[in-house]
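Remarks on the overall topology
Here is what each chain is made of, one letter per residue.
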Amino acid sequence: MLKIDDLTFTYTGHKLPALESINLEVAPGKLVLVTGPSGSGKSTLLHCINGLAQIHYGGKLEGDIHVAGRDTSGKPLWQISELIGTVFQNPNTQFFQLTVADEITFGLEYAGFDNKTIKDRFRKALADVEIEHLRNRDLFTLSSGEKQKVALASIIAMDQPLLLMDEPTANLDIVSIHELIKVLQKLKNQGRTIIISEHRLWYLRELADQVVVIKDGKLIYDSEPDILNCSEFRDEIGLRIWNEPGEVTKSYVPQNNNSPILDITNLSGGVGKNKQIIKNVSLSLKAGNCIALMGHNGTGKTMLSRILTGLQKQHKGTVSIEGKILKPKHRIGKIGCVTQHAEQQLFSDTVLGELLLKPNINSIEGDCSEEILRQYDLIALKDRHPQTLSGGEKQRLAIAASMAMNPGIIILDEPTSGMDMLRMRNLSQQIKKLCDKGLAVIVITHDIELVSLCCDQILWIENGTIAKNIERQQYIKFFNELIKFNTQEGNENEIHGCLL
Amino acid sequence: MIRSFTQRLGQRNPNCVFEQLDPRCKLLIVLIVTIAIVFSNSLMSSGLFIAVGIVALFSRLTKALLFTSSFWVLLWCIFMLLFHIVMRQAISAPRAMFTAMVFKGTALIMTGLWFAVTTKLRDFTSALEAWRIPKIIILPLTIAVRFIPTLFHESLVIRDSMKLRRIAHRKRDLLKQPHLIGHSYLALITIRSLKMADELAAVAETRGLARPGKSKIFKPAQFKRNDYLSLSMLLVLIIVLIIASYFV
């Protein structure tokens, strides 16, 4: 289905190639996992296959790429798009219409198919991805998982022989991932050839027929997936878990952690007519604690974070910080918050300026800012524009900017989305350092690897309330249940029963 | 307001009669109402304001109607006050000014909002294609319109991020720290828009939207009985208002 001969790709303006001497063959009907550390060239490989690298991003491509026996070099993108469908990482920037039905038929209409074909393919795509119930919904009201399914449906409706997926689970919760597994299995059974570039590996362990590992632009492994069972190999490359949860590290709670820093009592709140997204949440957090808030999308994790930070008013209950009950407007700035998209939190035109971005700054604060940059290993970049930094650097800067406000508590909302294991370990070290300084850290995440590295406790949120409190010694059992439960056989109760 | 408007955009009602009108009919209504408002006198503006208000109520745009009217009333008050302070005399025709600002302004904005809220993007583009407008104009227009909710969403996220960093987070900071708002908000939204536009362009190319040749419209735009009825009712209303203006 796909044959790549001696592919080397160098981006315009770069001296070193992003990909070097790649040779790859993919047989029809196979599901191929492409993995490797962040920045290793996985996405570039996909972009070379679908033609974007050379034509859209610009660069010099050497070597040959054949898809379904046809040479794609020199072909315009619309011709390549008849052979290859691509599902991108961010579902929000994949849509051209505002409703599900319009989005799926849009590509078919532009391809010039007749009405009967459009109707048949539209129905089949909805059925394959199991989103018949969403057909009249507006795209912007869908959850991340639903959006990703619509993106997939609009691509498979085009019925191209090769399907590429670039980190499709980066924005998905565990339930959505299990639903994606079902869809992928169905597509595979239909004989489709699928190439998936991913950091999150565990969900492909039953599906992948071939694994391709790329490091520093070079293909270092291309064979059966068995190699991923070897934890030494994964650790060496910086890959995430494959067939079992990672080792749970020792608790890192500092000894002098007796002072409660955050007290939440019977907190309820929501937005608009739904005032009970969060229901009667009570929680106490001591200095140096690091807890994980886990749960499916839409259960209220982000709403809880918004209420705590003062962005949203609570309907009932109190939030006290360092023993003082504070109203929402007084909580703003008292709790730091770094979200999944750190670039949306960087406003200045220099890295140092980011920490000084407030009125009436004095020279002492200026000195402190440089010290904070030093702590976060960003001092060498202090004159760079924040938007030109790498993903990891942006995230460190967002944390540093929050720290410059001297908060006692910091919330990290999905900090590891699209992150490899090596970067995740670095982030966990940073979290531990924050705990050492006496901060309380709340991590909102779906990634069990990060939780096992640095969180002392998991609060499982279900229907807006803390449904379960999981201690470190229960982690392995919990993670095993979480990543192995099967939505195919059971109903919703079974899923919850298994999780809780 | 932005949040509730984006939520309203996401809750279309396919059974609403206004959503079933042909977009070309709606465009004609917008055009006729706009021309009528521009050349209207007090009575006609009042009549159009009431008519637009009734349509807004049926289109679930009551909050937007109240907000827009209040905004224009507030602007009228500020204008009158400023006039009084600067000129040191009362304005000669405050009622005419009120009609011109509040009735005309609200009717114009509400007509535009009504079109945006009740028209599906695909219906709009298929209507344009029925008018034989070339694909090279329709495709960028489609992407530009589709970009609006994303921009709304981005602006909300950026506003929240600014609040978290206590950058111009209070209403009074609009006056006290306008430079920070300009510097932080506008710069970031521009960068984010460019990035998203690039991602959208890449997706468009991989989906073959640059393919030459004629596209096939699954549900082509079509003028139906309700479209003719709506246009006729509007024209009758305008004629009645014109005649009434001569007698009042």
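About the thresholds
- Residues numbered from 1 in each chain as written.
- Chains lettered and ligands numbered in written order.
- Predicted model: local features only at pLDDT ≥ 70, side-chain atom pairs only at ≥ 80, totals over all residues.
- Helix = DSSP H or I, 4+ residues; strand = E, 2+ residues; numbered from the N terminus.
- Rg over C-alpha atoms; globule rule 2.2 N^0.38 Å.
- Buried ≥ 20, exposed ≤ 12 C-beta atoms within 10 Å, placed from the backbone.
- Contact = placed C-beta atoms within 7 Å.
- Domains from an automatic or database assignment.
- Nonpolar A, V, L, I, M, F, W, Y, C, P; charged D, E, K, R; others polar.
- Pairing = 2+ DSSP bridges.
- Axes fitted to C-alpha atoms, helices over the stretch in contact; angles between N-to-C directions.
- Core = buried A, V, L, I, M, F, W, Y, C linked by C-beta atoms within 7 Å.
- Parallel < 35°, antiparallel > 145°, perpendicular 65-115°, else oblique.
- Left-handed = near helix turned anticlockwise from the far one by under 90°.

**Side note on the overall build of chain A**
- Along its length, chain A carries 17 helices and 20 strands.
- Taking 500 residues into account, the globule formula puts the C-alpha radius of gyration at 23 Å, and chain A, at 24 Å, falls close to it.
- Reported as C-alpha extents along the three principal axes, the dimensions of chain A are approximately 70 × 55 × 45 Å.
- For chain A, buried positions account for 51% of its 500 residues.
- For chain A, restricting intrachain contacts to residue pairs at least 6 apart in sequence, the fraction spanning at least 24 positions comes to 69%.

**Points about the environment of A:Gly217**
All names here are of chain A.
- Along the chain, Gly217 falls in the loop between β9 (210-215) and β10 (218-223).
- By the C-beta count within 10 Å, which is 21 here, Gly217 ends up buried.
- Considered as a pair, Gly217 and Asp114 are 103 residues apart in the sequence and their alpha carbons are 43 Å apart.
- Excluding its chain neighbours within four sequence positions, the residues that come into contact with Gly217 are Pro17, Ala18, Leu19, Glu20, Ser40 and Gly41.

**Describing the domain arrangement of chain A**
Residue and element names in this part refer to chain A.
- If you check the domain split of chain A, you get domain 1 (2-237) and domain 2 (260-334 + 407-499).
- With 18 residues of domain 1 in contact, the opposing surface of domain 2 contributes 14 residues.
- Secondary structure elements with two or more residues in the side of domain 1 that touches domain 2: α6 (144-156) and α7 (174-189).
- In terms of residue count, the dominant contributor to the side of domain 1 that touches domain 2 is α7 (6 residues).

**Thoughts on the interface of chain B and chain A**
- Between chain B and chain A, the contact holds 44 residues from the first and 48 residues from the second.
- Broken down by secondary-structure element, the contributors of at least two residues to the side of chain B that touches chain A are α7 (121-130), α8 (135-164) and α10 (178-206) of chain B.
- Tallied by class, residues from the side of chain B that touches chain A come to 18 nonpolar, 11 polar and 15 charged.

**Remarks on α7(B)**
- Among the 10 residues in α7(B), 8 count as buried, and that is most of the element.
- When we look at burial in α7(B), the residues that qualify are B:Leu121, B:Arg122, B:Asp123, B:Phe124, B:Thr125, B:Ser126, B:Ala127 and B:Leu128.
- Taken together, the buried residues of α7(B) touch α4 (100-111) of chain A together with α3 (23-38) and α8 of chain B.

**Quick look at the sheet that holds strand β12 (residues 274-286) of chain A**
Residues and elements named next belong to chain A.
- An order of β12-β11-β14-β15 is seen for the 4 strands of this open sheet, with the pairing classed as antiparallel. Only two strands of the sheet have a single partner each, and these edge strands are β12 and β15 (324-325).
- Each of β11 (260-271), β12 and β14 (316-321) touches helix α9 (residues 301-309); the most contacted strand, β12, lies at about 70 degrees to it.

**Notes on α9(A)**
All names here are of chain A.
- Summarising burial for α9: 9 of the 9 residues are buried, a large majority.
- Considered for burial, the residues of α9 that qualify are Lys301, Thr302, Met303, Leu304, Ser305, Arg306, Ile307, Leu308 and Thr309.
- Directly after α9, the chain includes Gly310, whose backbone phi takes a positive value near 90 degrees.

**Overview of the nonpolar core**
- Membership of the largest hydrophobic core comes to 168 residues, with the highest contact counts inside it found for A:Leu33, A:Ala153, A:Val212, A:Ala400, A:Ile409, A:Val441 and A:Val443.
- There are two domains that each give this core at least three residues, and those are domain 1 (2-237) and domain 2 (260-334 + 407-499) of chain A.
- Counting 24 residues, the second-largest nonpolar core is a separate cluster that includes B:Leu61, B:Leu65, B:Val102 and B:Phe103.

**Section: unusual backbone geometry**
Residues and elements named next belong to chain A.
- One non-glycine residue, Asn280, lies in positive phi territory at about 45 degrees.
- C-beta crowding within 10 Å serves as the criterion here: with 14 such atoms nearby, Asn280 is assigned to the partly exposed category.
- Positive phi is not limited to glycine here, since Asp377 has a value of about 60 degrees.
- Along the chain, Asp377 turns up in the loop between α12 (363-375) and α13 (391-403).
- Judged by local crowding, Asp377 falls into the partly exposed class, with 13 C-beta atoms found within 10 Å.

**Thoughts on the pairing of strand β19 (residues 457-462) of chain A**
Residue and element names in this part refer to chain A.
- The pairing of strand β13 (residues 290-294) with β19 spans 4 bridges and is classified as parallel. Each residue of the ladder has a partner; that of Ala292, found in β19, is Ile458.
- When β19 meets strand β20 (residues 465-471), the two strands line up antiparallel, connected through 6 bridges. Note on β20: the bridge partner recorded for Ile461 is Ile466.
- Counted between consecutive antiparallel strands, the loop separating β19 from β20 contains 2 residues, among which Asn463 sits at a positive phi close to 50 degrees.

**Focus: the packing of helix α5 (residues 62-87) of chain B against helix α6 (residues 94-118) of chain B**
All names here are of chain B.
- Where α5 meets α6, the axes come as close as 9 Å, and the angle between the chain directions of the two elements is 150 degrees. Considered as vectors, α5 and α6 are oriented roughly antiparallel to each other. Both α5 and α6 take part in a crossing whose hand is right-handed. On α6, the residues that touch Ala64, Leu65, Thr68, Ser69, Trp72, Val73, Leu75, Trp76 and Met80 of α5 are Pro94, Met97, Phe98, Met101, Val102, Gly105, Thr106, Ile109, Met110 and Leu113.
- In the contact of α5 with α6, the residues fall into 15 nonpolar, 4 polar and no charged.

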